[in-house]
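Examination of the molecular architecture
The residues making up each chain are set out below.
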Amino acid sequence: MSSVERVKDRATGLDKFVLREARGSSVEVYLYGGQVTFWKNNFSQQLLFISNKATFKPPKAIRGGIQICFPQLGNHGVLEQHGFARGRFWSVDESPPPFPVATSNCHVDLILKSSQEDLKIWPHSYEFRLRVALSPRGDLILTSRIKNISSDSKPFQFTFAYHTYFSVSDISEVRVEGLETLDYLDNLQSKNRCTEQGDAVVFESEVDKVYLSAPPKIVIIDHEKKRTFVLRKEGLPDVVVWNPWDKKAKAMPDFRDEEYKSMLCVGAAAIEKPITLKPGEEWIGKQEISAVPSSYSSGQLDPELIRRMHTI
């Protein structure tokens, strides 16, 4: 049977939820940041990257897992890096409204509301509902619902991302497919707009890009582990791809010098065209990720992966 349990983490003292499915997969979600930190498959292998130097001490964001970037990503705005949601304590949503599409029974609902502190730096009243769900076969589904609850007639705008740190064997052996020929904003070149030239995205140096109008399905192929992550998204047109590489890794206090080799951030986002909500309007953005065995030869995904991609 599946289970959802609230516990206090002994090492950090922070409250978290542990979701477990009958076949053995599990997810850990902290109330701090509404952040998923661990996602394990049926063999108890950790699929997300968490730095060994990650700080679980507010107000510092947790380095790794899946960070909720709201109401802005990076420096695409006037707020602090990646917005404030990842540095707030969320609450359990005791009475979430019905979801338009049914999700797994193994889930937790969290909510973040605008505080007086938030209103000083971002003067908009909102409700942010987050459902983290684990499917029976171990897929991880995050659904965000953001509503403008302002009493005036003013709309507000925001950008958003699921900043997802995947655990990989060796970044030089990883490729991302589904982004070829797309335009992207290169944050290493003052957000210059460029076009992806390769038949896949591969990694030989620092990368910090926002791919625009990406397809609803992206795959991250890890040759050495013979594992492929399949990322599906709804309501989020863009995709963020990031790896700090060696020089920047050494400058990050919550990141070990060599850890850039074993991680890659790929996450669904809405950045180029900010989301606008009038009072009473709600936006929904969903990211679903699965991990499947894969082989890679001459640029072809194996038949089993293709079958899974079309059925999940």
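The shown structure was predicted, so the numbers you read here are calculated from the model rather than taken from an experiment. (Residues numbered from 1 in each chain as written. Predicted model: local features only at pLDDT ≥ 70, side-chain atom pairs only at ≥ 80, totals over all residues. Heavy atoms only, no water.)

Once that is clear, we can look at the nonpolar core. One finds Phe128, Phe158, Phe160, Leu179, Phe203 and Leu264 to be the most contacted residues of the largest nonpolar core, which totals 70 residues. Here the element with the most residues in this core is strand β19 (residues 263-277); it accounts for 8 residues. When sequence neighbours within four positions are dropped, the list of residues in contact with Phe158 reads Phe70, Pro71, Trp122, Ile146, Pro274, Ile275, Leu277 and Trp283. (Core = buried A, V, L, I, M, F, W, Y, C linked by side-chain atoms within 4.5 Å. Buried < 20%, exposed > 50% of the residue type's maximum accessible area, 1.4 Å probe, protein only. Helix = DSSP H or I, 4+ residues; strand = E, 2+ residues; numbered from the N terminus. Contact = heavy atoms within 4.5 Å.)

With that settled, consider the environment of Pro244. Here Pro244 lies in the loop between β18 (238-243) and α2 (245-251). Its relative accessible area of 1% is what places Pro244 among the buried residues. Along the primary structure Pro244 and Cys265 are separated by 21 residues, whereas in three dimensions their C-alpha atoms are 9.6 Å apart. Apart from the residues lying within four places of it in its own chain, the contact partners of Pro244 are Glu206, Ala249, Met252, Phe255, Tyr260 and Met263.

Once that is clear, we can look at the packing of aromatic side chains. All chains considered together, the criterion is met by 24 aromatic pairs. Connected via pairs of aromatic rings, a cluster forms that spans Phe70, Phe84, Trp90, Trp122, Tyr126, Phe128, Phe156, Phe158, Phe160, Tyr162 and Trp283. For the cation-ring pair, Arg145 lies above Phe99, with the distance from its terminal atom to the ring centre recorded as 4.7 Å. (Phe/Tyr/Trp six-rings, centres within 6.5 Å; stacked < 30°, edge-to-face > 60°. Lys NZ or Arg CZ within 6 Å of the ring centre and 35° of its normal.)

So, about the sheet that holds strand β20 (residues 282-293). The 9 strands are arranged β6-β7-β8-β9-β20-β17-β16-β11-β14 in an open sheet whose pairing can be described as antiparallel. Of all the strands in the sheet, just β6 (91-92) and β14 (201-202) have a single pairing partner and so form its edges. Pairing of strand β11 (residues 174-177) with strand β16 (residues 217-222) involves 4 bridges; the strand directions are antiparallel. What sits directly across from Val176, in β16, is Ile220. (Pairing = 2+ DSSP bridges.)

On to the UniProt feature "binding site: substrate" (unreviewed entry) in the chain. Those places that UniProt annotates as "binding site: substrate" (unreviewed entry) correspond, in this numbering, to Arg63, Gln81 and Arg86. Tracing the sequence through the fold places Arg63 in the loop between β4 (35-40) and β5 (66-69). By relative accessible area, which is 16% here, Arg63 ends up buried. Excluding residues that lie within four positions of it along the chain, Arg63 makes contacts with Ile50, Ser51, Ala54, Tyr165, Trp242, Met252, Asp254 and Phe255. A polar contact is formed between the side chain of Arg63 and the side chain of Tyr165, at a distance of 2.9 Å. Mapped onto the secondary structure, Arg86 falls in the loop between β5 and β6. (UniProt positions renumbered as here; feature names shortened; annotations may be inferred. Polar contact = N/O pair within 3.5 Å; in protein donor to acceptor, adjacent residues only side chain to side chain.)

What follows covers the pairing of β18. Taking burial as the measure, the 6 residues of β18 include 6 buried ones, the bulk of the element. Alternating positions in β18 separate into two faces, Asp238, Val240 and Trp242 on one and Val239, Val241 and Asn243 on the other, with burial throughout. Pairing between strand β15 (residues 207-211) and β18: 5 bridges, direction antiparallel. When the bridges of β18 are listed, Tyr211 appears paired with Val239. Across 5 bridges, β18 lies against β19 in antiparallel orientation. By the bridge assignment, Val240 is partnered in β19 with Gly267.

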